[in-house]
Amino acid sequence: MKFQGTDTYVATRDLTLAVNAAIALQRPLLIKGEPGTGKTLLAEEVASALNMPLFQWHIKSTTKAQQGLYEYDAVSRLRDSQLGDPRVEDIEHYIVHGVLWQAFECDEPSVVLIDEIDKADIEFPNDLLRELDRMEFHCYELHRTIKAKHRPLIIITSNNEKELPDAFLRRCFFHYIKFPDKETMQRIVAVHFPVLKHELLKEALEVFFDLREVPGLKKKPSTSELIDWLKLLLAEDIPPEALRAKEAKDAIPPLHGALLKNEQDVHLFERIAFMARRKQP
Amino acid sequence: MLVDFFLHLKSRQLPVSTNELLALLEALEARLVSGSLDDFYLLSRALLVKDESLYDRFDRAFGEYFRGIEALPGFAPEVPEEWLELAARKHLSEADRLKLQKLSYEKIFEQLKERLAEQKERHAGGSKWIGTAGTSPYGHGGYNPEGVRIGGESVGNRTAIKVWDQREFRNLDDTLDLGVRNIKVALRRLRRFARKGAATELDLDGTIAGTARNGGWLDLHLRPERHNAVKVLLFLDIGGSMDDHIQACEELFSAARAEFKHLEHFYFHNCVYEGVWKDNRRRHDEKLSTWDVIHTYGPDYKLVFVGDASMSPYEIARPGGSVEHWNEEAGAVWLERLLATWPHAAWLNPQQEAHWGYTQSIQMIEQLLGKRMFPLTIDGLERAMRSLSK
């Protein structure tokens, strides 16, 4: 069982190695990287490549660790008791299974995605230490311990908004998806646009990497934005020459709204383009 | 097995634990990688390093260990980056390349050490010194069959250099780089959530307890949502010696803006006196009295100064010491008043911490603040926020 990337996802050597290490040693894998470098996508692709079911748990600032295990729906039970519903006798009806419970009870090995763990409360990762380590937890309402039938592959993504506790990090493997270089980027684009004109791709990548070099941008365009932009270029049927028009008045790439998401960045870029134009004779 | 390597990482201040070493051995036993050193590098990085800001340190430690150069006495690994700026790219013909004599590894490092000792300034071109675009084995952007590249992008010859030597994660090392994002992460330490405002959220525990008390009849309880409740007063030094640090301050400011609900900022020059201002362009006509500021904001605000604290000692110690106007009371008096009003305070200094000892005014202010002065780096910000939230 080895992950090698898929025909829709380009995984670099270091990434596949980290994923395979996590699979072989059955440890959680923590993924960090710039937004838009395919962190969340990785779990989906690993699941589909290895033909395993995927359980997704998207974390918000209000998410509690307990919600990933199970929740006791006291309000429904209270309502049922007041209506005299016979279901109320069995507490199991009111235990709502969380993502980890589902994955632990799954009959085949599965992939669990814990997305954007840094969004949650600072204590959140600490509350999951034992669950991720031993892959088991206790349900107090049922007096039962839920143990994983097969240890699932757990992929955790983080955007670095909070620091994760040391004890948690020590239990994970870690990979930082760095921004792809030109070669990798070409492979990524080829995966998404197999019939893209060679010229257009070359020009577009040039514009894209130039744009990333502009100093002072608040949000540098990322891979997912490049893909969106290429889609637009194709849809509008922009000729490659239009991208090359460096000396002309339109030094701003066409449809730049897909690449620059921030008003200040667009202004900054327009200003730089204006200065560059003035310098030319 | 690998214990020496593990201890070497530990001695390079990488936070590695025994568990992780065992995991690495387990991975090797499972034949996850073949014999290649590159793969071993990737594997050990994924298993031992848990933060991208430590990647650079790991790269260096890995390089040292697998080359055995840590024994070089007096070898300073940091070469000033400006030497290496890619000034020009030298095109060599095939014949030229062949002419370049292949040097052995030890020889290269021996010479590199010597040259580092000799060389004192930036160098581009030529064939001996460390610098850019030459045929010397050191530096980058040039060509030599067995070169040691120090910094910079590879120019495409690709004859030298292991992955870890590229040190592409240098920018993520938290002792160096300071961007808006990093600052935000550091400032987040200060966040304190509290419940305030209208009661809109269902309080489940309260509802259950209330219902139980009510003899089983539903008794709904609501509570207010959580908000960030930290209040910050930011005093920024502006003009004069601070001009060099404006970029860093702007970034700090824009990051702080987004992080706190209550953030008030004021400008001052060198030291705080009886007046501060909110808009630097109109600093002379729209001054606020410092007394008013003291009386306006309650003691639950946290006080943050940003300034290089580099001035003449008279500006702090004596009445009339200000370089801009006649001040009736000394700067120290005003600083003490501010500190008495807001006991939670920190001073962020963009000057390098190592240089503080050489400026008398910095020492004076540090003393006034009770050692709560921190450098304007990620590490410094973290320390400052920790001290503020105590």
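Residues numbered from 1 in each chain as written. Chains lettered and ligands numbered in written order. Predicted model: local features only at pLDDT ≥ 70, side-chain atom pairs only at ≥ 80, totals over all residues.

The secondary structure content of chain A amounts to 13 helices and 9 strands. For chain A, contacts bridging at least 24 residues in sequence account for 76% of all contacts bridging at least 6. (Helix = DSSP H or I, 4+ residues; strand = E, 2+ residues; numbered from the N terminus. Contact = placed C-beta atoms within 7 Å.)

With that settled, consider the sheet that holds strand β9 (residues 173-177) of chain A. Residue and element names in this part refer to chain A. If you trace the 5 strands from one edge of the open sheet to the other, you get β2-β5-β8-β1-β9, paired in parallel fashion. Edge positions in the open sheet fall to β2 (54-58) and β9, since each of these has one partner strand only. The sheet shows a mean angle of 20 degrees between the axes of neighbouring strands, taken without regard to direction. Here strand β1 (residues 29-33) pairs with β9 via 5 bridges, running parallel. Opposite K32, over in β9, you have Y176 as the bridge partner. Contacts between helix α1 (residues 13-25) and the sheet are confined to β1, β8 (153-158) and β9, with β9 contributing the most and set at about 160 degrees to the helix. (Pairing = 2+ DSSP bridges. Axes fitted to C-alpha atoms, helices over the stretch in contact; angles between N-to-C directions.)

Turning to the packing of helix α9 (residues 182-192) of chain A against helix α10 (residues 198-213) of chain A, a few remarks are in order. Residue and element names in this part refer to chain A. Put simply, α9 and α10 touch, their axes get as near as 11 Å, and they point 130 degrees apart. When the interaxial angle is binned, α9 and α10 end up oblique. Between α9 and α10 the crossing geometry is right-handed. Of the residues in α10, those touching α9 at K182, M185, Q186 and V189 are L201, L205 and F209. Per-class residue counts for the contact of α9 with α10 are 5 nonpolar, 1 polar and 1 charged. (Parallel < 35°, antiparallel > 145°, perpendicular 65-115°, else oblique. Left-handed = near helix turned anticlockwise from the far one by under 90°. Nonpolar A, V, L, I, M, F, W, Y, C, P; charged D, E, K, R; others polar.)

Mapped onto the fold, D59(B) is located in helix α4 (residues 55-65). Taking the C-alpha atoms as reference points, D59(B) and R45(B), 14 residues apart in sequence, are found 8.7 Å from one another.

Quick look at the interface of chain B and chain A now. At the interface, 24 residues of chain B touch 24 residues of chain A. Residues belonging to the side of chain B that touches chain A are distributed by class as follows: 14 nonpolar, 3 polar and 7 charged.

Glancing now at unusual backbone geometry. All names here are of chain B. The phi torsion at Q13 lies on the positive side, around 60 degrees, for a residue other than glycine. Here Q13 is to be found in the loop between α1 (3-11) and α2 (18-29). One non-glycine residue, R31, adopts positive backbone phi at about 55 degrees. Residue classification places R31 among the exposed positions, given that 8 C-beta atoms sit within 10 Å. (Buried ≥ 20, exposed ≤ 12 C-beta atoms within 10 Å, placed from the backbone.)

This next bit is on the nonpolar core. One finds A21(A), L29(A), I155(A) and F173(A) to be the most contacted residues of the largest nonpolar core, which totals 69 residues. Counting residues per element, this core draws most heavily on helix α3 (residues 37-48) of chain B, at 7 residues. Aside from chain neighbours lying at most four places away, what touches L29(A) is A18(A), V19(A), A22(A), I155(A), I156(A), C172(A), F173(A) and H175(A). Judged by nonpolar contacts, the second largest core, of 39 residues, contains V232(B), A346(B), L381(B) and A384(B). (Core = buried A, V, L, I, M, F, W, Y, C linked by C-beta atoms within 7 Å.)

All names here are of chain B. Of all the 7 residues making up strand β5 (residues 231-237), 6 are buried; the element is thus mostly covered by neighbouring parts of the structure. Sheet analysis places β5 next to strand β9 (residues 302-306), joined by 5 bridges and oriented parallel. For L233, the partnering residue across the bridge sits in β9 and is L303.

In this section: the packing of α2(B) against α3(B). Any two packed helices are characterised by how steeply their axes cross, that is the angle between the axes, and by the distance between the axes. Residue and element names in this part refer to chain B. α3 packs onto α2 with a crossing angle of 145 degrees between their chain directions and a minimal axis gap of 9 Å. The hand of the α2/α3 crossing is right-handed. Taking contact as the criterion, the partners of E20, A23, L24 and A27 in α2 are, on α3, L43, S44, L47 and L48. Residues of the contact of α2 with α3, tallied by class, amount to 6 nonpolar, 1 polar and 1 charged.

Moving on: the confidence of the model for chain B. Detail in the predicted coordinates should be disregarded across regions flagged by low pLDDT. All names here are of chain B. Confidence in the prediction of chain B, expressed as mean pLDDT, is 71, and 61% of residues score 70 or more. Per-element averaging of pLDDT across chain B places strand β1 (residues 131-132) at the bottom with 47 and helix α13 (residues 331-341) at the top with 89. pLDDT under 50 marks residues 129-135. Its contacts with residues more than four places away, or in other chains, come to 48 contacts. Across residues 139-161, where pLDDT falls below 50, the model places 61 contacts with residues more than four positions away in sequence or in other chains. Predicted as a complex, the structure gets a pTM of 0.58 and an ipTM equal to 0.74. (pLDDT = per-residue confidence, 0-100.)

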